[in-house]
Amino acid sequence: MMKRREVLNSAAIATATAATLASCSQTTKSPTVQTGLPNIRWRMATSWPKSLGTFIGAETVAKRVAEMTNGRFQITPFAAGELVPGLQVLDAVQAGTVECGHTSSYYYIGKSPALAFATAVPFGLNAQQQYAWLYQGGGLEAIHKIYTNFNVISFPAGSTGAQMGGWFKKEIQSLADLKGLKMRIPGLGGEVMSRLGVNVQVLPGGEVYLALDRGAIDAAEWVGPYDDEKLGLNKAAKFYYYPGWWEPGPTLDVLVNLNAWKRLPKEYQEILKTATVDANMNMLNEYDTLNGQALTRLLAGGTKLVPYSQDIMQAAQKISFELFEENASKDVAFKQVYEQWKAFRQQIFAWNRVNELSYANFVTRE
């Protein structure tokens, strides 16, 4: 209830601000002078093609900010490659080339491995648990400390929900079948796959289909049925694996250049934060609605749905936590986030075994 109250309070503040701005615009020819709130235009670089559901988060933020400021604060989102390549959004925001960006923080673990926690880590939190950690469990404060080193502040702005385990050109029946496989998979999940013998590739969304179709890679994960169908991955590979154990509840982020953020009026800062919360709810709801429909179409079209074998799941989980411990021993920032996250994970898993899991096991039984 606390989180709900805080979200509602933020929304109320933003709505009241928007109403005030709208009222001023009706009573004076110079509303900016009257209110002291400026007209601001920002550009938002993203890591996504416009055709995919991940772009929804960027669009929702821009739309809600414009609505709540009566058009005075405008953010224009650009697809990957229009301003900067999809995997260089953090660099552009840090440098001030653009004021903000919409991306996945785990694309930048080469800069700080702890950034993986802002998105998702293998065998981590589902979307609801991730939101609880970020908003109420100290997660967002921990991520902000890391991003300060890059002159950036971040806000969760969209979730895809639990993802799928990727498309494979041939069936993978055991750990041995992973050896030497070329697979597109980013983040710490990619590092785990690498330790399982996979030749890991990191490609932006717009390049995944061609690489898979032409045989440059043997397998690829993206998001889930809705976006994967949009990319045409089912036309390039037949076997569709689950679950996506490396991304049980990935969160996307709005990154804002810290200098640009500090120049914003306080009212606009609060409105932007509220817009990112709207993006979280909107995107997760949309994916949960559309993914099941898309999966039905994929299966009707000949896709083979296959679970990962138990030996792959068990080996991947073991390696994941070995990797966490290794990173914690070498990186102070990673250790701080990991220890706090691990304690939260244990607590919320214990609670969800009682409420969520027991209910789900009962109602979804065959």
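Below is a short write-up of the structure. Since this is a predicted model, take the numbers as computed values, not measurements. (Residues numbered from 1 in each chain as written. Predicted model: local features only at pLDDT ≥ 70, side-chain atom pairs only at ≥ 80, totals over all residues. Heavy atoms only, no water.)

Some details on the overall build of the chain
Logical step 1: Looking only at helices and strands, the chain has 15 helices and 11 strands in total.
Logical step 2: Classification of the 366 residues of the chain by burial places 53% in the buried group.
Logical step 3: Here the contacts in the chain between residues at least 6 apart in sequence split such that 78% fall between residues at least 24 apart.
Logical step 4: Of the accessible surface of the chain, which amounts to about 16,000 Å², a share of 52% is contributed by carbon and sulfur atoms.
Logical step 5: Across the chain, the centroid of the 35 positively charged side chains sits 3 Å from that of the 32 negatively charged ones. (Helix = DSSP H or I, 4+ residues; strand = E, 2+ residues; numbered from the N terminus. Buried < 20%, exposed > 50% of the residue type's maximum accessible area, 1.4 Å probe, protein only. Contact = heavy atoms within 4.5 Å. Areas by Shrake-Rupley, 256 points an atom, 1.4 Å probe, with all protein chains shown as cover. Lys, Arg positive; Asp, Glu negative; His and termini not counted. Charge placed at Lys NZ, Arg CZ, Asp CG, Glu CD.)

Thoughts on the packing of helix 3 (residues 55-68) against helix 13 (residues 266-300)
Logical step 1: At a minimum axis separation of 8 Å, helix 3 and helix 13 run at an interaxial angle of 140°. Between helix 3 and helix 13, the interaxial angle falls into the category oblique. The interaxial crossing formed by helix 3 with helix 13 has right-handed handedness. On helix 13, the residues touching Ile56, Gly57, Thr60, Val61, Arg64, Val65 and Met68 of helix 3 are Ile271, Leu272, Thr274, Ala275, Thr276, Asp278, Ala279, Asn282, Met283 and Glu286. (Axes fitted to C-alpha atoms, helices over the stretch in contact; angles between N-to-C directions. Parallel < 35°, antiparallel > 145°, perpendicular 65-115°, else oblique. Left-handed = near helix turned anticlockwise from the far one by under 90°.)

Observations concerning the sheet that holds strand 11 (residues 304-307)
Logical step 1: Sheet architecture is open: six strands sit in the order 7-6-8-5-9-11, paired in mixed fashion. The strands lining the two open edges of the sheet, one partner per strand, are strand 7 (199-201) and strand 11.
Logical step 2: Two elements, strand 5 (residues 166-168) and strand 8 (residues 219-220), share two bridges in a ladder whose sense is antiparallel. Each residue of the ladder has a partner; that of Trp167, found in strand 8, is Ala220. (Pairing = 2+ DSSP bridges.)

Concerning the sheet that holds strand 2 (residues 73-78)
Logical step 1: Across the sheet, five strands lie side by side as 2-1-3-10-4; this open sheet has mixed pairing. Among the strands making up the open sheet, the edge pair consists of strand 2 and strand 4 (152-159). Each strand of the sheet is rotated relative to its neighbour by a mean of 25°, with strand direction disregarded.
Logical step 2: Pairing analysis gives six bridges linking strand 1 (residues 40-46) to strand 2, with the strands arranged parallel. By the bridge assignment for strand 2, Met44 is matched with Pro77.
Logical step 3: Here helix 3 sits on the sheet and contacts strand 1, strand 2, strand 3 (100-103), strand 4 and strand 10 (251-257); the angle it forms with strand 2, its principal contact strand, is near 165°.
Logical step 4: Packed on one face of the sheet, helix 6 (residues 127-136) meets strand 4 and strand 10 and runs near 155° to strand 4.

Some points on the pairing of strand 3
Logical step 1: Every second residue of strand 3 is oriented toward a common face, with Cys100 and His102 on one face and Gly101 and Thr103 on the other, all of them buried.
Logical step 2: Inspection of the sheet shows strand 1 paired to strand 3 by three bridges, in the parallel sense. What sits directly across from Thr46, in strand 3, is His102.
Logical step 3: In the sheet, strand 3 pairs with strand 10 via four bridges, with the strands oriented antiparallel.

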